[in-house]
Amino acid sequence: MKTSNLLVLTIFSTLFFLSSGLAASQDEVVIKVNGMFCPFCTFGIEKWLNKLPEVEDVRTDLAAGEAIAVLKPEAKFVREHYVDAIKRAGFTHSGITLRKAKTEPPEISKPSSAVTSENQDTPIRGNDDFRYIKTIGKHGSGPGEFDQPMSIAFAPQGWFVVTDAVNARIQQFHSDGLPWRQWSLSGDGSTPLAKPVGVIVGSKGDIWVTDYEKDTINHYTSEGKPQGSFGTSGRGPGQMDAPSGIALTSERVLAVADFYNHRIQLFSPEGKFVRSMGAQGILRRLQRDGLNYPTRVTVSIDGLFWVADAYNHRLVAFDSKGKLVRRFGKKGHKAGQFDVSSGIAFIDGKHLVAADFMNHRIQIWSTSGKFLKSFGKQGHEPGKFVRPTDVAVAPDGNLYVVDWGNHRIQVFSLGGKTE
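So, a few notes on the structure that sits alongside this text. (Residues numbered from 1 in each chain as written. Predicted model: local features only at pLDDT ≥ 70, side-chain atom pairs only at ≥ 80, totals over all residues. Heavy atoms only, no water.)

Secondary structure assignment for the chain yields three helices and 30 strands. Across the 419 residues in the chain, those meeting the buried criterion constitute 53%. Within the chain, residue pairs in contact and separated by at least 24 positions form 51% of the contacts whose partners lie at least 6 positions apart. Taken as a whole, the chain presents about 19,100 Å² of accessible surface, with 53% of it coming from carbon and sulfur. (Helix = DSSP H or I, 4+ residues; strand = E, 2+ residues; numbered from the N terminus. Buried < 20%, exposed > 50% of the residue type's maximum accessible area, 1.4 Å probe, protein only. Contact = heavy atoms within 4.5 Å. Areas by Shrake-Rupley, 256 points an atom, 1.4 Å probe, with all protein chains shown as cover.)

Right, dumping it as structure tokens:
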């Protein structure tokens, strides 16, 4: 009996030693990234670091401003590779170091109700026009839970879909907010989604999703069945580099916010390139007509393409020929100013609602460029946000906000007049 116990102990010790040795043989590269403060930034950095053949896994720590690349066992560290990857992602760094990989057990989320409404019909302090109704979801990987939700879109019937980015899946919900379906396959059904970010639903329930990491547009039926995909990486016409938002016109033309290419591209539903509009505009002489990392796009009833021009901190509109015809907003924290415009939608077809990412609030504008009101501030309580990334108006008129930093969707009623 003692011999048997000793044998078991020896085997266990050997296995533990081997597993420990394997973990210890791996290193990770820690990069201090300058100016990394939004999910579009982190996803882009992860995308380029994942392209390095020696990298096994990538994670980012937004609070610390760090990107961590875990090397494959016995892989060599070449500092220039990481300098180049960060540069290609559009950033600079203040330090690159090598250390032993940390091995921590994954966080396990406790199951919870997908919908909470304890504070139903609670007015937002200082603005009775927007009343909190309920919260959908919390941090986790179960049905109805999220890990960095990015975008939301409604079907005319009232159901909606959400891109659950870090969980690499699409979640579909009933109109009451209860989880319905979920899927993680690409539009051609052959590969997993990598980083779903933008989403739109057509009038017949068809769903299109952008994959930020794979540079593809994925098409599904209303039940989530793959119907095909298109897109290649690059800067040429019809190529994409981190598609972040998507819209569909009444003529069934897809408009895609091409984040790193600083433009909006138009495609047929099958993926045929039509044309592009916008170009990078960060220099003063180009800023009037150029885009600087566009995150979202939507289409108004008069056919204008409205864009959340994130790092120009404004909203802009192009006409059908690609001419920029409207522009308003600027960087700041006061009323009518943005600190990264990250989401855009229409209320009643006449007013714009926009997510103001770093200011942790929602703004309402007229399409003529008049600032009307805003609500929300940073926090975890109902009616507060941590870096909202998208907004959408449901068929019943309620406003849904993708509360990215809190891993949830918040729902508000529009209790008063918009203007």
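Text resumes after the structure shown.
As a further point, take the sheet that holds strand β27 (residues 371-375). Pairing in this open sheet of four strands is antiparallel, and the strands run β24-β25-β26-β27 from one edge to the other. The two strands at the open ends of the sheet, each matched to only one other strand, are β24 (341-347) and β27. Strand after strand, the sheet turns through a mean of 20° between neighbouring axes, direction not considered. Both β24 and strand β25 (residues 351-356) contribute to a ladder of six bridges, which runs antiparallel. Bridge pairing in β25 places Ile-344 opposite Ala-354. (Pairing = 2+ DSSP bridges. Axes fitted to C-alpha atoms, helices over the stretch in contact; angles between N-to-C directions.)

A word on the packing of aromatic side chains. The geometry of an aromatic ring pair is captured by two quantities: the separation of the ring centres and the angle between the planes. With the rule as written, the count across this model stands at 29 aromatic pairs. Three or more aromatic residues link up through ring pairs in this structure, and these residues are Phe-40, Phe-43, Tyr-212, Phe-259, Tyr-260, Tyr-293 and Tyr-311. In this arrangement the basic side chain of Lys-51 is found over the ring face of Trp-48, its NZ or CZ atom lying 5.2 Å from the centre. Over the ring of Trp-180 we find Arg-181; its NZ or CZ atom is 4.1 Å from the centre of that ring. (Phe/Tyr/Trp six-rings, centres within 6.5 Å; stacked < 30°, edge-to-face > 60°. Lys NZ or Arg CZ within 6 Å of the ring centre and 35° of its normal.)

Counting residues in hydrophobic clusters, the biggest one holds 37 residues, and the most contacted among them are Ile-31, Ile-45, Leu-49 and Tyr-82. Secondary structure elements with two or more residues in this core: β1 (27-34), α2 (39-50), β2 (55-61), β3 (66-71) and α3 (79-88). Not counting chain neighbours up to four residues away, the residues in contact with Tyr-82 comprise Val-29, Ile-31, Leu-49, Leu-52, Glu-54, Val-55, Ala-69, Leu-71, Phe-77 and Ile-96. One finds Ala-345, Ala-355, Leu-372 and Val-401 within the second-largest nonpolar core, a separate group that totals 15 residues. (Core = buried A, V, L, I, M, F, W, Y, C linked by side-chain atoms within 4.5 Å.)

Once that is clear, we can look at α3. Along an α-helix, residues three or four apart share an orientation, since each turn contains 3.6 residues. Taken together, the buried positions of α3 are Tyr-82, Ala-85 and Ile-86. Down the axis, α3 shows its buried residues gathered within 95° of arc, on one side only. Exposed positions of α3 whose direction lies more than 90 degrees from the buried face are Glu-80 and Lys-87. Along its buried surface, α3 packs onto β1, α2, β2, β3 and β4 (92-100). Gly-90 sits one or two residues past α3 and shows a positive phi near 95°. (Arc of directions from axis to C-beta.)

Right, let's talk about unusual backbone geometry for a bit. Phi is positive for Glu-74, which is not a glycine, with a value near 70°. Inspection of the secondary structure assignment puts Glu-74 in the loop between β3 and α3. Residue Glu-74 is classed as exposed on the basis of its relative accessible area of 64%.

Moving on, we get to the packing of α2 against α3. Following both chains from N to C, one finds α2 and α3 inclined at 140°, their axes separated by 8 Å at the closest point. Here α2 is positioned oblique relative to α3, judged by the angle of their axes. Classified by chirality, the crossing of α3 by α2 is right-handed. In this structure, α2 uses Ile-45, Trp-48 and Leu-49 to contact α3, whose residues at the interface are Tyr-82, Ala-85, Ile-86 and Arg-88. Its residues assigned to classes, the contact of α2 with α3 shows six nonpolar, no polar and one charged. (Parallel < 35°, antiparallel > 145°, perpendicular 65-115°, else oblique. Left-handed = near helix turned anticlockwise from the far one by under 90°. Nonpolar A, V, L, I, M, F, W, Y, C, P; charged D, E, K, R; others polar.)

Let's shift gears to the pattern of salt bridges. In the structure shown here, the tally under the stated rule is 16 salt bridges. Close ionic contact of Arg-99 with Glu-28 constitutes a salt bridge, the shortest N to O distance being 2.7 Å. In this pair, Arg-99 is assigned in strand β4 and Glu-28 in strand β1, connecting sequence segments 71 residues apart. Under the relative-accessibility criterion, Arg-99 is labelled partly exposed at 29%. Residue Asp-84 pairs with Arg-88 through a salt bridge whose shortest N-O separation is 2.8 Å. Residue Asp-84 and its partner Arg-88 are located together in helix α3, separated by four residues, close to a single helical turn. On the basis of relative accessible area, Asp-84 is assigned to the partly exposed category, the value being 36%. Residue classification places Arg-88 among the partly exposed positions, given a relative accessible area of 48%. Salt bridges linked by common partners bring Glu-28, Arg-59 and Arg-99 together as one network. (Salt bridge = Lys/Arg side-chain N within 4 Å of Asp/Glu carboxyl O.)

If you walk across this open sheet you meet the four strands as β8-β9-β10-β11, and the pairing is antiparallel. Edge positions in the sheet fall to β8 (149-154) and β11 (179-183), since each of these pairs with one other strand and no more. Pairs of neighbouring strands in the sheet enclose a mean axial angle of 20°, with direction left out of account. Two strands pair when backbone bridges link them, and β8 and strand β9 (residues 160-164) are joined in this way by five bridges, in the antiparallel orientation. Following the sheet pairing, Phe-154 is matched in β9 by Phe-160.

Bringing the environment of Phe-371 into the picture now. Among the secondary structure elements, Phe-371 is positioned in strand β27. Along the primary structure Phe-371 and Phe-328 are separated by 43 residues, whereas in three dimensions their C-alpha atoms are 9.1 Å apart. Non-local contacts of Phe-371, meaning those with residues more than four positions away in its chain, are made with Ala-335, Gly-336, Gln-363, Ile-364 and Trp-365.

All right, on to α2 then. End to end, α2 covers 16 Å across twelve residues, agreeing with the expected 16 Å (1.5 Å per residue, within 8%). In terms of residue burial, α2 counts as a mostly covered element, since eleven of its twelve residues are buried. (Expected span 1.5 Å × (residues − 1).)

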